[in-house]
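# Structural overview for review
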Amino acid sequence: MIRQRATGKMRATTRAEALEREPAWEAFVRGRLMREEDVARLTKIADVARSLNPRSETTNATAAHRDAARTMRATLEHHGDAVCETLLDTLRNVGAVEATEHVLALVDVAANPRAWSGGDGTSDGRDETFGVKLFVGYDSSNRSTTDDGLISIEGVGGSEDAYYVLSKTLARPEDANSSFIKETASRVLMRMLQLGLKSGRNGTGAEGERKSAESVKHALRTLVAWCAKELRATASGGDESMVPAVASALAGVLDDKDARAFAASEGIVAALTPVLRASDRSGVQTMYEVALCFWLMSFSADLRIEMCARGAATVKALMACAGVASKEKVIRVCILALKNITNRHGAHGDAALDNFTAVDESLRKLVHNLSLRGFDDEELSSTLEELEEDLRTRRKEASSWERYKSEVMSGSLEWTAAHKDEGFWRECATKLTDNNCQILRILIKLIDGSEEMDPKTLAVACHDIGEFAVHYPAGRFLANDLGGKEHSMRLMTHHDEEVRKSALKCVQKLLVTSWRSLNTDENSAN
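Quick caveat: nothing in here was measured; it's all calculated off a predicted structure. (Residues numbered from 1 in each chain as written. Predicted model: local features only at pLDDT ≥ 70, side-chain atom pairs only at ≥ 80, totals over all residues. Heavy atoms only, no water.)

### With respect to a nonpolar patch on the surface
To keep things clear, this is the line we draw: Residues form patches when they are more than 30% accessible in relative terms and have no salt bridge. Like charges link within 9 Å. Nonpolar side chains (Val, Leu, Ile, Met, Phe, Trp, Tyr) link within 5 Å. Computed by Shrake-Rupley with a 1.4 Å probe, the accessible areas treat only the displayed protein chains as cover when residues are assessed. Here, a salt bridge means any side-chain nitrogen of Lys or Arg that lies within 4 Å of a carboxyl oxygen of Asp or Glu. A run of H or I in DSSP counts as a helix once it spans at least four residues, and a run of E counts as a strand once it spans at least two, with each numbered from the N terminus.
Together, M489, M492 and L504 line one region of the surface with nonpolar side chains, adding up to about 240 Å² of accessible area. Within the fold, M489 resides in helix α25 (residues 484-490).

Structural data, given as structure tokens:
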């Protein structure tokens, strides 16, 4: 399995395959890593779990499935602590990949009553969190057996709770890991966290509550850090097959404020944005969960600011995803995220976020086009109407200079009206020199090559530097002193035709003493 993960040429293990491959437990017993009673219990649970996945739709197979479902529920109801103890001890002490996969498959089945409730994979009306609650509430201090004579590879007795054991399993080094281990451990840990975060972290007494809260927080931090690591590996050319598991795990916990804080510290916004941009390479459910992640993160002021950073890359990716998505649920969460990000008063009434102007025009067009599609989803339709009204109000409130300044400071430029408005440049060129030429310096910084910029931003920045040179007294000399001519000349060989043309005209304006007179003469000649 390690070679499969490293080469990426072979498919990952399925749960059914992991259940079928029963390890040679005798070797682990001889090595004092397991007890005989644990082996007997694992074997019985595995037999029941395999019966929950009949290979045919015959009457006998369906009956076997129903019997296995009843057996599984009865076992967990009457011997839940013993089952949890055996599964967690084995995960903690047995490091072999195939053995870990087998035990994790059993944990996944036990924690997911949907696989067996009612005997046909549907709910029987009882608590669907029943299986997860067993692991969340498992208290290792009330163990049914002792560790006498056993060797723990962690060097610790059986004192760790399920959060700790699943976190350690998820964080295994790559040479002792597999796609199945990662996917299953992250899924089970996410389900546990969903329950633990909502139930007040389950503990007995003040000390129990404190320890349980610490376990939940540690597991939450581990899960988010693992997601960030996998996303960075994917961006570096690694295995893309983990993206669905990462998206699902994040979407399951990001409604918690601690999870959003960890997401901010781990750089999840920047790491997840490339997945959003490559929406055509993922399935509908994965893209829904990725977009859902951004909507949940948009309730954090720090993460909203991060989404508008790097030339509003995340905002543009959300817009692109909403524009090409075919399913309304994907469009809905993209638009909800964009509404939170563009809300000048913030999702929770915090400080206004005014560096979004760079994509206002594109967003208005997107919202208008989506509104014409007549969605059945009432929430989506009403959100589009609200967002359209917000953008209209925003446009009326902001002056031309305020919108222009906000756009430049965002680091992402579009051909909005101000750039080609002669009146705007006559009136506002001098403002580019305010605060020690703050806006002019930013324009020149955008084209200096220190950061990768999209072609449109480069073309617009060159155009604006040239307009400043024409409309501000001694503007040519000031722009040249700050490096405007040098960087514009370099862009005259850019691969994009629009950038080359804009850079050429900028250089001409920086070199010619009286561009306006020359331009007037050329127009008269034509």
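### A look at helix α12 (residues 257-266)
Under the convention used in this document: Here the term buried applies to any residue with accessible area under 20% of the maximum for its type, exposed to any over 50%, and partly exposed to those in between, with areas from a 1.4 Å probe on protein chains only. Here the arc refers to the set of directions running from the helix axis out to each C-beta atom. A 3.5 Å cut-off defines polar contacts: any pair of N or O atoms within that distance qualifies, except that in protein one atom must be a possible hydrogen donor and the other a possible acceptor, and neighbouring residues in sequence count only when both atoms are side-chain atoms.
Taken as a whole, α12 has its buried residues at A259, R260, F262 and A263. Viewed end-on, α12 has its buried residues packed into an arc of 160 degrees, placing them on one side of the element. Exposed and oriented more than 90 degrees from the buried face of α12 are K257 and S265. Taking the backbone nitrogen of D258 as reference, a side-chain oxygen 3.0 Å away marks D256 as the first, capping residue of α12. Just downstream of α12, G267 is the residue with a positive phi angle, here 70 degrees.

### Some points on the state of the cysteines
The condition is simple: By disulfide we mean two sulfur atoms from cysteines, separated by a distance within 2.5 Å.
In the structure shown here, the tally under the stated rule is 0 disulfides. Not part of a disulfide, C506 finds its nearest cysteine sulfur in C462, a span of 5.2 Å.

### Points about the environment of V136
Among the structural elements, V136 can be located in helix α7 (residues 130-136). In the structure, V136 is positioned 25 residues away from D161 in sequence and 8.1 Å away in space, judged by C-alpha atoms.

### Section: the pattern of salt bridges
Evaluated as defined, the whole model comprises 25 salt bridges. Between R21 and E98 there is a salt bridge, and its shortest N-O distance comes to 3.9 Å. Pair noted here: R21 is in the loop between α2 (15-20) and α3 (25-30) and E98 is in helix α6 (residues 97-110), with a separation of 77 residues, a long-range link. By relative accessible area, E98 is classed as partly exposed at 44%. The residue R187 makes a salt bridge to D108 at a minimum N-O spacing of 2.8 Å.

### Describing the nonpolar core
Applied cut-off: For our purposes a nonpolar core is just a set of buried Ala, Val, Leu, Ile, Met, Phe, Trp, Tyr and Cys residues, chained together by side-chain atoms within 4.5 Å. Two residues qualify as a contact provided that any one of their heavy atoms is within 4.5 Å of a heavy atom in the partner residue.
Core analysis: the largest hydrophobic core is formed by 120 residues, its most contacted members being F135, L193, L272 and M297. Per-element tally for this core: the top contributor is helix α9 (residues 179-198), with 10 residues. Excluding residues within four positions of it along the chain, L193 makes contact with Y163, V216, A219, L220, L223 and V253. One finds V460, I465, F468 and A479 within the second-largest nonpolar core, a separate group that totals 32 residues.

### Points about the side chain of T169
Note on placement: T169 falls in helix α8 (residues 162-170). At 2.8 Å, the side chain of T169 and the backbone oxygen of V165 are in polar contact. For T169, the contacting residues outside a window of four places in its chain are L91, T100, L104, N177, I181 and A185.

### Considering the environment of K365
With respect to the helices, strands and loops of the structure, K365 is situated in helix α18 (residues 360-371). Along the primary structure K365 and E388 are separated by 23 residues, whereas in three dimensions their C-alpha atoms are 9.5 Å apart.

### Notes on the environment of R35
In this structure, R35 sits in the loop between α3 and α4 (36-51). Residues R35 and D89 lie 54 residues apart in sequence; the distance between their C-alpha atoms is 10.0 Å.

### Considering the packing of aromatic side chains
Counted only if it meets this: We call Phe, Tyr and Trp rings a pair once their centres come within 6.5 Å, taking the six-membered ring for Trp, and we label the pair stacked below 30 degrees between planes, edge-to-face above 60, and tilted otherwise. Charge-over-ring placement is defined geometrically: NZ (Lys) or CZ (Arg) within 6 Å of the ring centre, and within 35 degrees of the ring normal.
Enumeration over the complete set of coordinates arrives at 8 aromatic pairs. Centroid distance W25 to F28: 5.8 Å. Interplanar angle 50 degrees. Geometry classified as tilted. Taken together, the positions of W25 and F28, both in helix α3 and 3 residues apart, correspond to about one turn of that helix. Across the pair, F28 and W25 agree in class, each one buried. One aromatic cluster is present, formed by W401, Y404, F424 and W425 through successive ring pairs. In this structure, K329 packs its charged tip against the face of Y288, placed 4.9 Å from the ring centre. Over the ring of W415 we find K420, and its NZ or CZ is 4.5 Å from the ring centre.

### Quick look at helix α13 (residues 268-277)
The element α13 is extensively covered by neighbouring structure, given that 7 of its 10 residues are classed as buried. Residues I268, V269, A271, L272, T273, V275 and L276 constitute the buried set of α13.

### A short note on the packing of helix α16 (residues 309-324) against helix α17 (residues 328-342)
In plain terms, the rule: Between N-to-C directions, angles cover 0 to 180 degrees, with each direction set by a line fitted to C-alpha atoms, over the stretch in contact for helices. Roughly parallel refers to an angle under 35 degrees, roughly antiparallel to one over 145, roughly perpendicular to one between 65 and 115, and oblique to any angle outside these ranges. Whether a crossing is left-handed or right-handed is set by the direction in which the near helix is turned from the far one by less than a right angle, anticlockwise for left-handed and clockwise for right-handed. Under the convention adopted here, Pro, Cys and the residues Ala, Val, Leu, Ile, Met, Phe, Trp and Tyr are nonpolar, Asp, Glu, Lys and Arg are charged, and Gly plus all remaining residues are polar.
Orientation of α16 relative to α17, taken along the N-to-C sense of each, is 150 degrees, at an axis distance of 9 Å. Looking at the two axes, α16 sits roughly antiparallel to α17. Of the two elements, α16 crosses α17, and the hand of that crossing is left-handed. Touching V315, L318, M319, C321 and A322 of α16 are V330, I331, C334, I335, A337, L338 and I341, all from α17. Residue composition of the contact of α16 with α17, by class: 12 nonpolar, no polar and no charged.

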